[in-house]
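Spelled out from the first residue to the last, the chains are:
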Amino acid sequence: MSRPGWHSGSHRQHTGGFGLSADLKQVLRIGLDDTDHPLSGCTTSSFDELLSLLEDQLPAFQLIERGLVRLWPFAARRTRGNGALYAKVSIPVSKMAYFRMVCEEWFEGLLEETSNHPASATPAAPVLMVSEKELPEEWYWEAVTGHVTLDYRMAAVRSEGCWVLSGERQWGAVGASAAMAWKPDISSTWELIAWRDPGVIGQPRRITSESVRAMEERHPLTFVNRDPTAEKSLIAPRTPCPVLYGIRGATAECVEDAHHWMQSRRDIEPSDRWAVHRTNQLSDDHLDEVTFGTVISSPKETKGAHSNLSVFSEGQRVRLVAFSEGGPVNRLLRRLRIGDRVAWLGLIAPDGAIHLERLNLVDQVPRVLGRPTCCTKTMRSGGAGQQLRCRKCGSTAHREWLSEEADLHDIEMIGDWSEPQPSNRRHLARPLELGIPGA
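Rules used in this analysis
Along each chain, numbering runs from 1 in the same order as the chain's sequence is written. The predicted nature of this model means local features are confined to residues of pLDDT at least 70 and side-chain atom pairs, given and counted, to a pLDDT of 80 or more, with totals for whole chains, interfaces and linings taken over all residues. Side-chain descriptors were evaluated using all non-hydrogen atoms of the structure, hydrogens and water having been removed beforehand. Only protein chains enter the calculation, and the probe is 1.4 Å; a residue is then buried if its accessible area is under 20% of its type maximum, exposed if over 50%, and partly exposed in between. Strands are runs of DSSP state E lasting at least two residues, helices are runs of H or I lasting at least four, and both sets are numbered from the N terminus onward. Any two residues whose heavy atoms approach within 4.5 Å are treated as being in contact. Among the buried residues, those of types Ala, Val, Leu, Ile, Met, Phe, Trp, Tyr and Cys that are joined through side-chain atoms within 4.5 Å form a nonpolar core. At least two DSSP bridges between two strands are required for those strands to pair. Lines fitted to the C-alpha atoms define the axes, with helices restricted to the stretch that makes contact. Angles between their N-to-C directions range from 0 to 180 degrees. Pairs were defined over the aromatic rings of Phe, Tyr and Trp, the Trp ring being its six-membered one, requiring ring centres within 6.5 Å. Orientation was assigned from the angle between planes: stacked under 30 degrees, edge-to-face over 60, tilted for the rest. Note on geometry: a ring has a charge over it if NZ (lysine) or CZ (arginine) is within 6 Å of the ring centre and within 35 degrees of the ring normal. Residue-level confidence of the predictor is what pLDDT reports, using numbers from 0 through 100. The labels follow the angle: roughly parallel below 35 degrees, roughly antiparallel above 145, roughly perpendicular from 65 to 115, and oblique for the rest. Helix crossings get a hand from a simple test, with the near helix turned counterclockwise from the far one by less than a right angle marking a left-handed crossing and a clockwise turn marking a right-handed one. By the convention adopted, Pro, Cys, Tyr, Trp, Phe, Met, Ile, Leu, Val and Ala count as nonpolar, Lys, Arg, Asp and Glu as charged, and the other residues, Gly among them, as polar.

**Some remarks on helix α8 (residues 328-335)**
Every buried residue of α8 is listed here: P328, V329, N330, L332 and L333. Tucked into the core, α8 has its buried residues touching β13 (306-313), β14 (316-322), β16 (354-363) and β24 (417-418).

**Some points on the nonpolar core**
Core analysis: the biggest nonpolar cluster contains 32 residues, and I30, F47, L54, F99 and L128 have the highest contact counts within it. Looking at this core, the elements with two or more residues in it are β1 (25-33), α1 (43-57), β3 (83-92), α2 (96-115), β4 (127-131), β5 (163-166) and β6 (189-195). Grouped together as the second largest cluster of nonpolar side chains are 27 residues, L135, V148, V164 and L428 included.

**What to know about unusual backbone geometry**
Phi angles above zero are rare outside glycine, and A60 is one such case at about 65°. Mapped onto the fold, A60 is located in the loop between α1 and β2 (62-70). One non-glycine residue, D284, lies in the positive phi region at around 60°. Counting through the fold element by element, D284 comes out in the loop between β10 (273-279) and β11 (291-295). Of the residues examined, D284 reaches a relative accessible area of 11% and is grouped as buried.

**So, the sheet that holds β4**
Judged by pairing direction, the sheet is mixed, and its eight strands sit side by side in the order β5-β4-β1-β3-β2-β10-β6-β9 without closing on themselves. Each edge of the sheet is formed by a strand with only one pairing partner; in this case those strands are β5 and β9 (243-249). For this sheet, the mean angle separating the axes of adjacent strands, direction not counted, is 25°. Note: β1 against β4, five bridges, orientation antiparallel. For D33, the partnering residue across the bridge sits in β4 and is V127. On the sheet, α1 packs against β1, β2, β3, β4, β6, β9 and β10 and is oriented at approximately 5° with respect to β3.

**Re the packing of aromatic side chains**
On inspection of all chains with the given rule, the structure shows five aromatic pairs. When the centroid spacing of 6.4 Å and the interplanar angle of 55° are considered together, the rings of W106 and F107 count as tilted. Looking at F107, the relative accessible area reads 0%, which means it is buried. An aromatic cluster is present here, built from Y86, Y140, W141 and W182 joined pairwise through their rings. Sitting above the plane of the W163 ring, R100 keeps its charged end 5.0 Å from the centroid. Above the ring of F74, the side-chain terminus of R426 is found at 5.7 Å from the ring centroid.

**Some remarks on the confidence of the model for the protein**
Averaged over every residue, the pLDDT of the protein is 88; residues scoring 70 or more account for 89%. Across residues 8-20, confidence stays below pLDDT 50; counting only partners more than four residues off in sequence or on other chains, it has 37 contacts.

**Things to note about the sheet that holds strand β21 (residues 388-389)**
The three strands lie next to each other as β20-β21-β22, forming an open sheet whose pairing is antiparallel. Both edges of this open sheet fall to β20 (380-381) and β22 (396-397), since each of them pairs with a single strand only. Direction of pairing for β21 relative to β22: antiparallel, over a ladder of two bridges. Following the sheet pairing, R389 is matched in β22 by T396.

**A short note on the packing of helix α4 (residues 150-159) against helix α5 (residues 172-181)**
Axis separation between α4 and α5 bottoms out at 9 Å; the angle between their running directions is 50°. One finds that α4 runs oblique with respect to α5. Two packed elements cross with a definite hand, and for α4 against α5 that hand is left-handed. For the pair α4 and α5, the contacting residues are L150, R153, M154 and V157 in the first and A173, V174, S177 and A178 in the second. Along the lines of polarity and charge, the residues of the contact of α4 with α5 split into six nonpolar, one polar and one charged.

As structure tokens, then:
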């Protein structure tokens, strides 16, 4: 295997330079993506190894911030967690050449490791990217809301003078560049990722559902770490990867405190390597604003208990799809009738349909039950322009159908909105308990 070199466009070609005095420090942005495989590896673990190596070998190295960015859920080249990593670091300009050498040697080992992954239709295509300046924020928005072609993104990367390390395949460049371009704000969330000892990877993780429940009770600023509807923990992956667990929360301090509390318990597998990441999780950045429409077709059920119907919205016919895993969203869609007014948040699929993530029955048409009854019999018309009449006792009633509102008592909602259970939501989905911006 050839030794990887920095390049931008063609392999080994170096683009860009720092040109600053050796007694200054330079802030760098580093991105990494596409190092994992469905059955092995983990980009978070690989990135942590690189940052630890740089900290050990570069004097005055400073890690300013590190983050985990989730990307467009429909991306054909999405990795297992559909996320990319970034870090903002500071190093002396005089150590720039050494920094590049350390990264090259580490990346050479990464390519060797990923080449040994099990055969797959989508083999790992790792890319390590470095920039000396802020990158266009549109790179992030393009990659979190839609498909980005590799050629298009690489042309943009070259124009910004980024340094790139890759093998023959460069698919990781899309995620790495998007992560580097993300601009965190006050609504950002945090995730602490703890990794396993290499000797136990592949063995069952020692994490009890009771410990996760107690963790959330003791640390109320943590969230979406368990599914109370199924008494199921959400912090541990189900694949044989290096991650022990990931604790999500509102602040860096709360997830760190929760981790130390977990590690104090005897029913939790020990971990001596962990890191806190700033994230775009629970942001809804992948979605457009709340949309309204009128139902114009009856719900249809397809194989797998998925459901769909059509609505008229903003002058167009739109198909709404609710998968069986959507639980309350699927059940609500099945109760809809032609004429109902609805609101939704969802993801536009490649075929143009909206895959619902939240649904609201704003205004409903009456559900007709039938004509009034009297003396155990349905009342009949008394003739044109006449009231309804009971043929047995002669009582009369207005000529109208009995109706009622849709029965929604078995559909879990917050306000008038439904959403999937926690275990079936996307990383990017904002829980209803946190509110819907613009709704």
